[in-house]
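Read off the chains here:
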Amino acid sequence: MATDLVPSQVVPPSAEATPEAPRRKRRPRPVPLWRDLLRYRWLYLLLLPGLVYFVVFKYLPMYGLTIAFKDYVPFLGYSGSEWVGLKHFQELFTGPDFGRLMFNTLLLALLTIVFVFPAPIVVALMLNELRLRVLKRSVQSLIYIPHFLSWTIVASLTYLLFSVDFGVIANWIHGLVGGQKTDYVAQADWFRPLIVLQLLWKQTGWGTIIYLAALAGVDSQLYEAARVDGAGRWRQFWHITLPAIRPTIVVMAILTSGHLMDSGFEQIWLMTTSLNRDVADVFDTFVYYIGITQGSFSYATAVGLFKGVVGVVLIFGSNLLAKRLGQRGLF
Amino acid sequence: MTIFSRRRLAVAVAASTALLAASACSGGDDSKGQAASDELTVMAPLFGTAPDPGGELQQAVEKQIGKKLKITWVPNAEYGDKSNVTFASDKIPDVMVVNEKGPSFLKAAEAGAFWDLTGKLDKYPNLKPDNEQRAKNSQTNGKTYGIYRDRPLLRSGIVIRKDWLAKLGLKEPQSVDDLYAIAKAFTERDPDGNGKKDTYGLIIPKWPGNYASASPYDVVETWFGAPNGWGERDGKLVPGFDTPEFLAANEWLRRWVKEGLVNPDFATLDSANWNDPFVQGKGGMIIDVNVRATQLLDLFKEKNPKDFDKVTLVGNLKGPDGEKHSYPFTGYNMVIAISKQHVRTDEQLDQVLQTLDKLESKEGSVLLANGIEGRNFKADGQYAVPINETDPKVKAIQNDVDKAFIQLGTRAGVGIGAYQPRPNDATSRAMRESFDVLMNEDLKTAVFNPALSIVAPTAVSKGQTLDTIIPDARIKYLSGAITEDQLKAQIKRWYDSGGTQIATEVNDLAAKAGG
């Protein structure tokens, strides 16, 4: 890619041809790397800060992952701590918590894919059909707002609205349905619905941005031509709009799959109570608990590493799947 | 390449690269230098805004100890997390307030990150333990890792709406049966007189601690005769929740929940908002520490300075068998430990301990717990009377004392030692004076935890699985989500997940410590 931009290539050979020009023609084999580096050194130099950034801040810290295979004691340091091989992984996989954590994490991920992932697509498509620009713009701006509120505030709002003692919505539902009061925020049965509801409220509006951008890029001539051919609203939607944003949906799906094991620590942590802990415990909160609260850094790192590996596998897997299904993948 | 010359571009790139590299490396730069001997680094909890390091109080303290202080104040709510992260860093302060039984502290201490002070404190008159119970409680498996920070040995009590009692013609409770009767009356006999049934007896919040952490549940269980934490049954130490008294207490409380005598959101109410339902007139009782009573008095006074005498404090209660069992506290709250990172030799340790000895002397304690005499308070008998209250500089001193420096006191601390702060109205004064009367009365029947100084290794390694089993099961049982059989099954699950091992270890370690 970068070579397209190199000035020496763009400039057409003039009458007084540079001495290199004929030589390049004579040699069909690819330029050795070092020569390439030397020739385009200024461009490669531009790449350097980015490379340094990734090496220093992303790759070097990975050295710390070695403590997943050690009994890390901070006072002894990385090198002084004893190697223990796969002890922590063994403990994780055979421990009493693993099954429950896996189930809770995956079920939340599944609910997210089914309910939260399609929501912005639907909303974006609906916004796209709006004729009144003022209405479209103001709705768009209003639904972004929840994204900027922290999870702490979202959790407080949920408690305020759904508390069994003074919750406005809880009392309202109780007034409609009657019977015994339901403790939405404490009961295990209501934990997952509330989490999904919070995610929908907070993220849907923000998620529409990328789809709206894709929709804005659709050539209006396509619609005009379709209308001339007698296609109705529904036909236009089915044959023009949807195919236009399909690549975006696929890319978003692949990116989302990498985060399947991330349940959103803050949100879960804030909504956990003694009554719903059995369904609320996920890998993220578990890592916090054993790492920060209990000080078992090695075990926590092992759990985090496991999570990371699963994430990588899922990204590659879904990318492959997308290609198999005839879509353009991410890479 | 017209606007940017190649050279200029190269310089820009090189500069930004260097900047990146520099910012990445700046993390661990100043750790190699040894702590200068005239400076002491400290980490302690903070309850408000952090003091100005150049402030009047800090200067006075530095003058008292003859060293410069570099103090990291950490908000109390995140103190535990922040200390755990600090243990893992290469910047452990010389002197640190720590929970000496926390798993991550123990791991660090056992690896040699902190000094073992067992037997080393006796030559320092202001550091050596002045109370046997406290000294014993603050040890960890027979080792002293720090200087304990004094607190009253018993602070449990029941705070009750005084005006509601009077309105319904009820007397202060003596026994758990009285308490139930009061809760029932507060719920059903309209104590606020608004003609609606919109009140409840007892207010309980979502409890942040685990089993045996001075929660209202733990206190009630003790009243019923259950052990406080661990207790002897048939010559062996058993966890408190494995006793019939534990089950009886919770069956009793479960009835409260079922009959609506407790706030319905007891599993989720934020403990920071614990006072609200009381002050708003929704609930009439709180089982907690005695200072809750003065806090509530202050809140009522804020609402109506003319009529605020609405709070009464009652001590521990007689159980169903007529015997009184009181819930004591540990008598201290965290210890001051000394890290080995900069303090490496015995001479250096001696120096630090000498400095601390000056800090905890009579004069030092007054500075930490009351402030500068003649500036922000004057002594009047056992009381400290605030003076110059409107001067902003004096206000800063008072803030530094109350919100921060008092946390460094071991002999003087919250609610103990030096001069007592004097409340400026008769009602609050009487309330504060009742603290000691109630404490001394209840200490006669206090149920101490014989295993308080013991930390079982399995509890450290398997804490993540075990810690929440019992408190969660208890809440589930109280809320009606599980039956008594299921509660018993959860207790069995605790044993099966490593509890059996913990019980064995506790018994072994206790035998060793006792013999």
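The rules behind these values
Residues numbered from 1 in each chain as written. Chains lettered and ligands numbered in written order. Predicted model: local features only at pLDDT ≥ 70, side-chain atom pairs only at ≥ 80, totals over all residues. Pairing = 2+ DSSP bridges. Helix = DSSP H or I, 4+ residues; strand = E, 2+ residues; numbered from the N terminus. Right-handed = clockwise from strand over helix to strand, strands pointing away. Buried ≥ 20, exposed ≤ 12 C-beta atoms within 10 Å, placed from the backbone. Domains from an automatic or database assignment. Axes fitted to C-alpha atoms, helices over the stretch in contact; angles between N-to-C directions. Parallel < 35°, antiparallel > 145°, perpendicular 65-115°, else oblique. Contact = placed C-beta atoms within 7 Å. UniProt positions renumbered as here; feature names shortened; annotations may be inferred.

A. Highlighting the pairing of strand 2 (residues 68-75) of chain B. Residues and elements named next belong to chain B. Bridging between strand 1 (residues 39-46) and strand 2 involves eight bridges; their strand directions are parallel. Bridged to Met43 within strand 2 is Thr72. Crossover connection from strand 1 via helix 2 (residues 56-65) to parallel strand 2: handedness right-handed.

B. Unusual backbone geometry, seen in detail. Residue and element names in this part refer to chain B. Even without being glycine, Asp190 reaches a positive phi, approximately 50°. On the secondary structure map, Asp190 appears in the loop between helix 7 (176-188) and strand 6 (200-202). One non-glycine residue, Asn388, adopts positive backbone phi at about 50°. By secondary structure assignment, the location of Asn388 is in the loop between strand 13 (383-386) and helix 14 (392-403). On the basis of neighbour count, Asn388 is assigned to the partly exposed category, with 15 C-beta atoms found within 10 Å.

C. Spotlight on the domain arrangement of chain B. All names here are of chain B. Its domain assignment divides chain B into domain 1 (39-151 + 331-418) and domain 2 (156-327 + 428-514). The gap between the C-alpha centroids of domain 1 and domain 2 is 30 Å. Those elements that provide at least two residues to the side of domain 1 that touches domain 2 are helix 4 (103-110) and helix 5 (132-137).

D. Seen up close, the packing of helix 9 (residues 244-258) of chain B against helix 18 (residues 469-479) of chain B. Residue and element names in this part refer to chain B. Close contact between helix 9 and helix 18 brings their axes to 8 Å; oriented N to C, the two are set at 50°. When the interaxial angle is binned, helix 9 and helix 18 end up oblique. The residues of helix 18 that touch helix 9, namely those facing Asn250, Leu253, Arg254 and Val257, are Arg474, Tyr477, Leu478 and Ser479.

E. How the structure looks around the UniProt feature "transmembrane region" (unreviewed entry) in chain A. The feature "transmembrane region" (unreviewed entry), as given by UniProt, occupies residues 42-60, 106-127, 148-174, 194-216, 237-261 and 297-322 of chain A in the numbering adopted here. Overall, residues 194-216 of chain A shows 100% helix and 0% strand. The separation of its end C-alpha atoms is 33 Å.

F. Just helix 18 of chain B, in detail. Of all eleven residues in helix 18 of chain B, eleven are buried, a share of seventy percent or more. Downstream of helix 18 of chain B by a residue or two, Gly480 of chain B has a phi angle that is positive, lying close to 90°.

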